[in-house]
Amino acid sequence: MGHEACGTIHAIGTAVTALQPGDKVAIEPDYPCRRCTPCKAGRYHLCPEMKFAADPPFVHGTLTRYFRVPADFCYKVPECIKLDEAVLIEPLAVAVHAVRLGDVRVGQKVVVFGAGTVGLFCAAVAREFGAAVVVSVDVVERRVVFAREFVGGKGMVMDTGVSVEENAERIVRECGLGEAGGADVVIDASGAEMAVQTGVFVLRKGGMYVQAGMGKRKMEFPIAEMCEKEIVAKGCFRYGPGDFDLGIDLVRRGRLVLDGLVSRVFPFEKATEAWEAAKRGEGIKMVIEGPK
């Protein structure tokens, strides 16, 4: 179990020079072959031989006393980041990757579907990339309320009792997107079919759609709407070069605050309680301490 992780360096190999035992690090929980075409093209996250934590039976997860990982996939975190908050760097890196894929620019209007951890970070990073309007959308009202406070943008609760077209019309109308004909960029961080469909209808003509949330392998997609608007749609898979570094830098410079996102820290012996609390939708992020 576990791929959102941080830790303290226990031991290093003889060739490692950038890290020392005792260093506090965020862990990028994957490592590629470094030899294939995607790796050599600078897209190591698409490596077909990628080893990813918590992907049994190939690699065990990070919920263990010791976890071995290449030194260049460990990122030293500054003193301003507490160790229990450093676990958030992994979902933050996902958000950085999604916003970079969306090519978010100064003055644009961005709508993010899903106000979980990744969705919150997508909205916050889009704001830091210069978006003039950032809208967080979710089906859970308390998540939308938290997103408004965390991001400082707009929020909207989806109505599951009406059509996706009606939801899209309401988002465009009530969030001030009508003048441009919709959002410039939509990022779905939920993976929910209804959110995916609504997102396409929310976009203006020529807009950009990024799928960051992992949902069903197959779902209905409004392909005609996509064609008629000439939308650019991109898939988003984890994180790539520079995403962890940029995420840490945003926190270091005080542009993004992690305080308040960790709702509760569970001891290792109560890990199952953490999973149950997360399943019930309690808080924002549950953290499990490693075994002593």
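On a predicted model such as this, the values are computed, not experimentally measured, just so you know.

Each value, and the rule that gives it
Per chain, residue numbering runs from 1 following the sequence as it is written. Confidence filtering applies because this is a predicted model: local features only for residues at pLDDT of at least 70, side-chain atom pairs given and counted only at 80 or more, and all residues used for totals across whole chains, interfaces and linings. Side-chain descriptors were evaluated using all non-hydrogen atoms of the structure, hydrogens and water having been removed beforehand. UniProt positions are given in the numbering used here, feature names are shortened, and annotations may be inferred rather than shown by experiment. Secondary structure follows DSSP: runs of H or I at least 4 residues long count as helices, runs of E at least 2 residues long count as strands, and numbering of each begins at the N terminus. Here, a salt bridge means any Lys or Arg side-chain nitrogen found within 4 Å of an Asp or Glu carboxyl oxygen. Burial status follows relative accessibility: with a 1.4 Å probe on protein chains alone, a residue under 20% of its type maximum counts as buried, one over 50% as exposed, and anything between as partly exposed. Any Phe, Tyr or Trp ring, taking Trp's six-membered ring, that has another such ring centre within 6.5 Å forms a pair; planes under 30 degrees apart are called stacked, those over 60 apart edge-to-face, and the others tilted. For a ring to carry a charge above it, either NZ of a lysine or CZ of an arginine must fall within 6 Å of the ring centroid while also lying within 35 degrees of the normal to the ring plane. Every crossover in which the path from the first strand over the helix to the second runs clockwise, viewed with the strands pointing away from the viewer, is termed right-handed. Each domain's limits were defined by an automated method or a database of domain assignments. The contact rule is simple, with two residues in contact once any of their heavy atoms fall within 4.5 Å. Accessible area that two parts lose when put together, with a 1.4 Å probe and added across both, is what the buried area reports. Side-chain atoms alone can form a polar contact between residues adjacent in sequence; in general such a contact is a pair of N or O atoms within 3.5 Å, and within protein one must be able to donate a hydrogen while the other accepts it. All amino acids are sorted into three groups, where Ala, Val, Leu, Ile, Met, Phe, Trp, Tyr, Cys and Pro are nonpolar, Asp, Glu, Lys and Arg are charged, and the leftover types, Gly among them, are polar.

The UniProt record marks residues 118-251 with the feature "domain: Alcohol dehydrogenase-like C-terminal" (unreviewed entry), using the residue numbering of this structure. Here residues 118-251 is 44% helix and 22% strand, with 15 Å between the C-alpha atoms at its ends.

This part covers the pattern of salt bridges. If you walk through the whole model with that rule in mind, you get 16 salt bridges. The shortest N-O distance in the salt bridge between Asp249 and Arg253 comes to 2.9 Å. The partly exposed category is assigned to Asp249, whose relative accessible area is 23%. Across the pair Glu282 and Arg280 runs a salt bridge, and its minimum N-O distance is 2.6 Å.

This part is about the packing of aromatic side chains. Tallying each qualifying case throughout the model produces six aromatic pairs. Judged by centre distance (5.0 Å) and plane angle (80 degrees), the rings of Tyr239 and Phe244 are edge-to-face. Pair check on accessibility: Tyr239 and Phe244 agree, each one buried. Three or more aromatic residues joined by ring pairs make a cluster, and in this case those are Tyr75, Tyr239 and Phe244. The ring centre of Phe52 lies 3.6 Å from the NZ or CZ of Arg238, which sits over that ring.

Moving on, we get to the pairing of strand β6 (residues 109-113). β6 sits mainly inside the fold: five of its five residues count as buried. Neither face of β6 is left uncovered, since the one carrying Lys109, Val111 and Phe113 and the one carrying Val110 and Val112 both have all their residues buried. What joins β6 to strand β7 (residues 133-138) is helix α3 (residues 117-128), and the crossover it makes is right-handed.

A common way to state how big an interface is: give the accessible area lost once the parts meet. Examined at the domain level, the protein breaks down into domain 1 (5-92 + 241-288) and domain 2 (94-235). Here the C-alpha centre of domain 2 lies 26 Å away from the C-alpha centre of domain 1. The interface of domain 1 with domain 2 comprises 22 residues on the first partner and 17 residues on the second. Here domain 1 packs against domain 2, burying approximately 1600 Å² in sum over the two surfaces, 61% of which is carbon and sulfur. Where domain 1 packs against domain 2, one counts two salt bridges. A salt bridge links Asp243 to Arg100; the nearest nitrogen and oxygen atoms lie 2.7 Å apart. Across the domain 1-domain 2 interface, the total number found is twelve residue pairs in polar contact (both at pLDDT 80 or more). At four residues, the largest contribution of residues to the side of domain 1 that touches domain 2 is made by helix α8 (residues 243-252). Across the side of domain 1 that touches domain 2, the residue classes break down as eleven nonpolar, six polar and five charged.

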